[in-house]
Amino acid sequence: VMAVSPTLLLMDRNLLARKQNARLDRQNDVGWKLFGKVPLRENAQKDAKKTQKEYEDKAGRPSKPPSPKQNVRKNLDFEPLSTTALILEDRPANLPAKPAEEAQKHRQQYEEMVVQAKKRELKEAQRRKKQLEERCRLEESIGNAVLTWNNEILPNWETMWCSRKVRDLWWQGIPPSVRGKVWSLAIGNELNITHELFDICLARAKERWRSFSTGGSEVENEDAGFSAADREASLELIKLDISRTFPNLCIFQQGGPYHDMLHSVLGAYTCYRPDVGYVQGMSFIAAVLILNLDTADAFIAFSNLLNKPCQMAFFRVDHGLMLTYFAAFEVFFEENLPKLFAHFKKNNLTPDIYLIDWIFTLYSKSLPLDLACRIWDVFCRDGEEFLFRTALGILKLFEDILTKMDFIHIAQFLTRLPEDLAAEGFFASIATIQMQSRNKKWAQVLTALQKDSREMEKGSPSLRH
C-alpha cells in the first residue's frame, strides 16, 4: 500500500471545498440575477446575523424574520402604478432591451387604453348625472303632487275624486305619503267596520290561538258551523303564508317589525268572516295595506276589498263565477291581441294558468312592489276591470316573446315575470289596451256572460233549442 503524505491530503480537501463553494456561488448568482440583484457578500450575511443576534440579546427575545410576502416588493427593481402601465416599463437590466418598434407599439397601446378608460369614465359620469337629474325631477314632481293631494283633492274628495285632473294624477301614481289615505277613501267602508269591531275580532283570534296552543276544544257560537279542523288549518296556513310573504324584505317574517301586525289582520279576518276563512294569497294583500296604513285601518280596507264581487268570487272559489270572469277576459284578449290569442288557443293555454295568481294577490307577488302599488292605485280608481286590463297589458308587453314559446315556457314565463320592468313602458303598454268589445264595455260583457251562465244552469229551453 502506497503511503499518502498528510500535506497532500490537506491540499485535496481545500481544493474540493473551494470547488463546492464556487458551485454554490454560481447557483446563487443565477438565482439573484433573475431578480436583477447582486448576491450579498458572505461577510455581509455574517454581519446581518451578528446584528440580529445583538438585537435579540438586547431585547431579550428572538425577532421574527420578515415574511416572504413583505420581501416581494423589495426584490423588484420597479413598482408599477397599475397593470396597464406594465407595458411602458423597460425590461430589467439583465434582460435584452426592447426593440424600438416594440417600445413604440407598447406606447401606442397604452395611449389607446388611457383614451378608452377616459371614455368609459366620461360615459359613466354622464349616466350618473342623468340618473341624478331624473331623480331630482321625480322628487320635485312627487313633492308637487303631495301638495296637490293634501291641499286640493283630499279636503274636497267627494267633489274632486272623479274629475279629469285627479284621474290623470291617479294614473301617474299616488305619492307614497298620501297613498294609504287615498286607498282607504277609494275602497270605502260599505261594511261599516269600526276600530272597536277590529279589536273584538282580534281578541277572539288571540283567544282561539291560545286555545289551540293549549289543546283546548272550545267552539264559539259564531263558528259552530265550522269544524275545529278547518279553523286550525286556517291558523296553520296563516303562520306558513306569513313566512313566505315578501321574503326579500324580511319585515313580515318571525321577529320582523310587521310580523305581528300581519298576523293580527289575518287572524281577525278569519274571525270576522269564518265562512271565508283564510285563503292562500290573502297575506300579500294584507301586507301591502299594512305598509301604507296602520293596523286597524288596514283591517277595514282589507275586509272591504275582499268583499268586492271579483275578490269574493276568487277567495270563495266560486268556480262558476271565476269561469265567467275568465270568459270575459278572453273576449277582450281576442279583441286586443288576436295573434297572441290564437297562439294561446293553439297551445291550449287557458287564462286560469296565469290569471289566478295575479288576481289572488292583486299582482303584489308577481310584480316588483313599487310597480304593484302603482297597479293598486289605478285599481282603486277603476275597480276590477283594471286588474284584467293590466293582465292584457302584460301580454301586450311580451307579445313578441310569447308568440315564439310553447305551452310549458309560456306558463313558466307568466308565473315568473321579469323583475326589471320599467313603470313607464309597463303603463304605456296598459294604456294601449281598449276595454271595449263590439261597443260593449267590461261591465256589460261580464253581465251578459253571467246571465248566460245562469240560464245554462237553469237549463233554459231557449238555450236547449
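Please read all numbers here as calculations on a predicted model, not as lab measurements.

**Some words on the overall build of the protein**
- What the protein contains, in helices and strands, is 23 helices and 2 strands.
- The buried share of the protein, taken over its 465 residues, is 34%.
- In the protein, once contacts between residues fewer than 6 apart in sequence are set aside, the share between residues at least 24 apart is 68%.
- By element, 54% of the accessible surface of the protein is carried by carbon and sulfur atoms, the whole surface being about 29300 Å².

**Things to note about the nonpolar core**
- W149, L395 and L414 are the most contacted members of the largest nonpolar core, which has 107 residues in total.
- If near-sequence neighbours (up to four positions away) are discounted, W149 is found in contact with L154, P155, W157, V166, L169, W170, I174, P175, V178 and V182.

**As for helix α10 (residues 259-272)**
- An ideal rise of 1.5 Å per residue puts 20 Å on 14 residues; α10 measures up with 20 Å between its terminal C-alpha atoms.
- Taken across its 14 residues, α10 has 11 buried, putting it largely inside the fold.
- The complete set of buried residues in α10 reads H259, L262, H263, S264, V265, L266, G267, A268, Y269, T270 and C271.

**Focus on the packing of aromatic side chains**
- Tallied over the entire structure, the rule returns 31 aromatic pairs.
- Judged by centre distance (5.9 Å) and plane angle (90 degrees), the ring pair of F314 and F360 falls under edge-to-face. In this pair, F314 sits in helix α13 (residues 309-315) while F360 sits in helix α16 (residues 352-360), placing the two residues 46 residues apart along the sequence.
- F314 sits in the buried class, given a relative accessible area of 1%.
- On the accessibility criterion, F360 (11% relative accessible area) is buried.
- Judged by centre distance (5.0 Å) and plane angle (75 degrees), the rings of F398 and F413 are edge-to-face. Placement of the pair is F398 in the loop between α18 (384-397) and α19 (399-402) and F413 in helix α20 (residues 407-415), with a sequence separation of 15 residues. The pair F398 / F413 is uniform in exposure class, with both members buried.
- The side chain of R374 reaches across the aromatic face of F427, ending 4.3 Å from its centre.

**What about the side chain of S364?**
- Take S364: it is sitting in the loop between α16 and α17 (369-382).
- Within polar-contact distance, the side chain of S364 engages the backbone oxygen of T361 at 2.5 Å.
- Not counting residues up to four positions away in its chain, the partners in contact with S364 are F246, F284, I285, V288, A372 and W376.

**Focus on the state of the cysteines**
- On inspection of all chains with the given rule, the structure shows 0 disulfides.
- The thiol of C201 is unpaired, and the distance to the nearest cysteine sulfur, on C271, comes to 6.4 Å.
- Under the relative-accessibility criterion, C201 is labelled buried at 3%.
- By relative accessible area, which is 7% here, C271 ends up buried.

**Regarding the confidence of the model for the protein**
- Looking at the protein as a whole, the pLDDT averages 82, with 75% of positions reaching at least 70.
- Predicted confidence is poor over residues 6-11, with pLDDT under 50, and the contacts of this stretch with residues over four places away or in other chains come to 1 contact.
- pLDDT under 50 marks residues 27-46. Its contacts with residues more than four places away, or in other chains, come to 13 contacts.

**Describing the pattern of salt bridges**
- Here the structure, examined in full by the defined rule, presents 12 salt bridges.
- Between K165 and E152 there is a salt bridge, with the nearest N and O atoms lying 2.9 Å from each other. On the criterion of sequence distance, the pair formed by K165 in helix α6 (residues 164-172) and E152 in helix α4 (residues 100-153) is long-range, its members being 13 residues apart.
- The class for E152 is partly exposed, based on a relative accessible area of 33%.
- When the shortest N-O distance is used, the salt bridge between E330 and K345 registers 3.5 Å. Separated by 15 residues along the polypeptide, E330 in helix α14 (residues 319-336) and K345 in helix α15 (residues 338-346) bring together distant segments of the chain.
- Overlapping salt bridges bring together E124, R127 and R128 as one network.

**Remarks on the packing of α10 against helix α12 (residues 295-306)**
- Two numbers describe how α10 lies on α12: the axes approach to 10 Å, and their chain directions differ by 45 degrees. In terms of their interaxial angle, α10 and α12 are classed as oblique. For α10 against α12, the interelement crossing comes out right-handed. From α10, M261, V265, L266, A268, Y269 and Y272 reach across to α12, where they touch T295, F299, F302, S303 and L306.

**Describing unusual backbone geometry**
- The phi dihedral of N348 falls on the positive side, at around 55 degrees, and the residue is not glycine.
- Positionally, N348 belongs in the loop between α15 and α16.
- Although it is not a glycine, N439 sits at a positive phi angle of roughly 65 degrees.
- Under the relative-accessibility criterion, N439 is labelled exposed at 68%.

**Quick notes on the environment of C162**
- Position of C162 among the secondary structure elements: in the loop between α5 (157-160) and α6.
- Residue C162 is classed as partly exposed on the basis of its relative accessible area, which comes to 46%.

What counts as what
- Residues numbered from 1 in each chain as written.
- Predicted model: local features only at pLDDT ≥ 70, side-chain atom pairs only at ≥ 80, totals over all residues.
- Heavy atoms only, no water.
- Helix = DSSP H or I, 4+ residues; strand = E, 2+ residues; numbered from the N terminus.
- Buried < 20%, exposed > 50% of the residue type's maximum accessible area, 1.4 Å probe, protein only.
- Contact = heavy atoms within 4.5 Å.
- Areas by Shrake-Rupley, 256 points an atom, 1.4 Å probe, with all protein chains shown as cover.
- Core = buried A, V, L, I, M, F, W, Y, C linked by side-chain atoms within 4.5 Å.
- Expected span 1.5 Å × (residues − 1).
- Phe/Tyr/Trp six-rings, centres within 6.5 Å; stacked < 30°, edge-to-face > 60°.
- Lys NZ or Arg CZ within 6 Å of the ring centre and 35° of its normal.
- Polar contact = N/O pair within 3.5 Å; in protein donor to acceptor, adjacent residues only side chain to side chain.
- Disulfide = S-S within 2.5 Å.
- pLDDT = per-residue confidence, 0-100.
- Salt bridge = Lys/Arg side-chain N within 4 Å of Asp/Glu carboxyl O.
- Axes fitted to C-alpha atoms, helices over the stretch in contact; angles between N-to-C directions.
- Parallel < 35°, antiparallel > 145°, perpendicular 65-115°, else oblique.
- Left-handed = near helix turned anticlockwise from the far one by under 90°.

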